[in-house]
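The residues making up each chain are set out below.
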Amino acid sequence: MHTSKRLITATVITAAVIALTGCSAAAGTTQTTATAVATVPASALRSAGTLSVCTTNLGSPPNITTDASGNLVGSEIDLAKAIAGKLGLKPDFVMVDFSALIPSLQAKQCDVIMASLYIKPAREKVVDFVPYLTSASGVAVKKGSADGVTGLDDSLCGKKVMVTVGTTAQSLAEDQSKKCTAAGKKALDISTNNQATVGFQQLASGQLDAYIDAAELIGYYQKQGTAGIQLVGKPTEAVDIGAATLKGDTPLHDGIQKAFDDLVSSGQYSKILDTWGQGDLAYAKKG
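Throughout this document, residue positions are counted from 1 along each chain, in the order its sequence is written. Since the coordinates come from a predicted model, pLDDT governs what is reported: local features require at least 70, and pairs of side-chain atoms require 80 or more to be given and counted, while whole-chain, interface and lining totals use all residues. To obtain the side-chain values, all non-hydrogen atoms of the structure were used and water was disregarded.

## Describing the overall build of the protein
Helix and strand assignments come from DSSP, with helices taken as H or I runs of at least 4 residues and strands as E runs of at least 2, each series counted from the N terminus. The number of helices and strands found in the protein is 10 helices and 12 strands. The buried share of the protein, reckoned over its 287 residues, is 51%. By definition in these notes, contact holds between two residues if any of their heavy atoms fall within 4.5 Å. Across the protein, every contact between residues at least 6 apart in sequence was considered, and the portion connecting residues at least 24 apart equals 76%. Each residue is placed in one exposure class: buried if its accessible area under a 1.4 Å probe, protein chains only, is under 20% of its type's maximum, exposed if it is over 50%, and partly exposed if it falls in between.

Have a look at this one:
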C-alpha cells in the first residue's frame, strides 16, 4: 500500500466518520456466493463445512451490532459471511468478550476472529492477520460539553475517562495518563466496560468527562443525533483491522486471503462497505 493511502489523514478520517449514516436491519443481508474461490481442509476447521467466527458485540455500529430482532449485523458481519461463502462454508458466529478474543481462538473455540481487532505488533506475534478495513481512535464528550476536553491530549489529565476493556483505547488512555503524571499533572481516572453504548450513556448523563473508542463509531452515533455525544480533536493515525487466525495456520489464513481478494476484485467488498457508509475506510494493499 502506498504511504499516502495507508496513512489516512485526520481530515479524511473525520470526514469519513461524520459521513456515516444509519443502516436498517435490512442492510445487513447475507453476503455469500455459491461459487467457492478457495478451499480449506476440514482438518483446519473446528467443524467441517463451517467457518466458526469469534466476534463480539460492543454495540459498535456500523462494524458490529444487532438489529431489532437481536441478529448480528454490520460491515464485519457481512464480510465474514461473504468470506465464508467464498470458501464454500457456512458462517457460525461465536460471541465472546473483546478481551477474550485471542484466548478463545487459541483454545480453538473458533477458526478466525473478525471483531474490529486492530493489527498490532504484539498481536502479530500470536496470530496471523488478513487486513480488511482501516480505523482510528477518537475522543467523545457530552454534546455541548464545557469541561475543556479537546482530544487525546493533556486536556484529559484528571478527567473521568471510560474505555472498553482490552482495546487500543484502553492503552491510549493509560499512555496519556502516564504523560500527565510525568508532566506533574493529575492522572486520568480510567474506568472500563464491555459495551460502548454503556460509555455513551454515562457520558451523556454527565457521569464521565470523556469516552475513547473508534473514531468511526463515535462519528456514527454523533450522526444519529440520539446519543448526546460528539467527537472532539483529531483522531489518531489510521490503523488496519484484520481477520485473525492462529499463528502458522497457513491453509486457513491463505484461504481467507484468497476469499477476501476475490471480494475486492469482484466489487462485492466495495458494495458491503458502501452499504454501511464505510467506503472511505476500505483497506488498500501495499505496493
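Let's pick the thread back up.
## A closer look at the packing of helix H7 (residues 196-204) against helix H8 (residues 215-224)
Simply put, an axis is a line fit to the C-alpha atoms, just over the touching stretch for a helix, and the angle between two N-to-C directions goes from 0 to 180 degrees. Packing of H7 against H8 leaves a shortest axis separation of 12 Å and a crossing angle of 55°. One way to sum up the angle between H7 and H8 is to call them oblique. The crossing of H7 and H8 is right-handed. Contacts between H7 and H8 involve Ala-196, Thr-197 and Phe-200 from the first element and Leu-217, Ile-218 and Tyr-221 from the second. Under the convention adopted here, Pro, Cys and the residues Ala, Val, Leu, Ile, Met, Phe, Trp and Tyr are nonpolar, Asp, Glu, Lys and Arg are charged, and Gly plus all remaining residues are polar. Of the residues that constitute the contact of H7 with H8, the class distribution is 5 nonpolar, 1 polar and no charged. Should an angle fall under 35 degrees it is taken as roughly parallel, and over 145 as roughly antiparallel, whereas 65 to 115 is taken as roughly perpendicular and any remaining angle as oblique. Take the far helix as your reference; a near helix turned counterclockwise from it by less than a right angle gives a left-handed crossing, and one turned clockwise gives a right-handed crossing.

## So, the state of the cysteines
Defined by distance alone, a disulfide is two cysteine sulfur atoms within 2.5 Å. Going through the model one piece at a time under the given rule, you end up with 2 disulfides. Between the sulfur atoms of Cys-54 and its disulfide mate Cys-110 the distance is 2.2 Å. Measuring the twist about the S-S bond at about -105°, one finds the Cys-54-Cys-110 disulfide to be left-handed. Here Cys-110 lies in the loop between helix H4 (101-106) and strand E5 (112-113) and Cys-54 lies in strand E1 (residues 50-55), a separation of 56 residues in the sequence. In this pair, the class of Cys-54 matches that of Cys-110, namely buried.

## Thoughts on the pattern of salt bridges
Salt bridges are defined as contacts in which a side-chain nitrogen from Lys or Arg sits within 4 Å of a carboxyl oxygen from Asp or Glu. Inspection of the entire model under this criterion finds 4 salt bridges. In this structure, Asp-262 and Lys-86 form a salt bridge, with 2.5 Å as the shortest nitrogen-oxygen distance. In this pair, Asp-262 is assigned in helix H9 (residues 250-266) and Lys-86 in helix H3 (residues 75-86), connecting sequence segments 176 residues apart. Across the pair Asp-128 and Lys-247 runs a salt bridge, and its minimum N-O distance is 3.1 Å. With Asp-128 in strand E6 (residues 127-135) and Lys-247 in the loop between strand E12 (239-246) and H9, this residue pair connects regions lying 119 residues apart in the sequence. For Lys-247, a relative accessible area of 48% corresponds to the partly exposed category.

## Examining the nonpolar core
Residues grouped as a nonpolar core are buried Ala, Val, Leu, Ile, Met, Phe, Trp, Tyr and Cys residues, joined through side-chain atoms within 4.5 Å. Within the largest apolar cluster, 48 residues are counted, with the highest numbers of intra-cluster contacts made by Leu-51, Leu-87, Met-114 and Phe-200. Beyond its immediate chain neighbours, meaning those up to four positions away, Leu-51 contacts Leu-45, Ile-83, Ala-84, Leu-87, Leu-89, Lys-90, Pro-91, Asp-92, Asp-111, Val-112 and Leu-252. In this structure, Ile-77, Val-96, Val-127 and Ala-244 belong to the second largest nonpolar core, which totals 19 residues.

## Some thoughts on the packing of H3 against helix H10 (residues 268-275)
Direction vectors running N to C along H3 and H10 enclose 160°, while the axes themselves pass 9 Å from each other. It follows that H3 is roughly antiparallel to H10 by the angle criterion. In terms of crossing hand, the pair formed by H3 and H10 is right-handed. Seen from H3, the contacting residues are Ser-75, Asp-78, Leu-79, Ala-82 and Lys-86; seen from H10, they are Gln-268, Tyr-269, Ile-272 and Leu-273. When grouped by side-chain class, the residues that make up the contact of H3 with H10 number 5 nonpolar, 2 polar and 2 charged.

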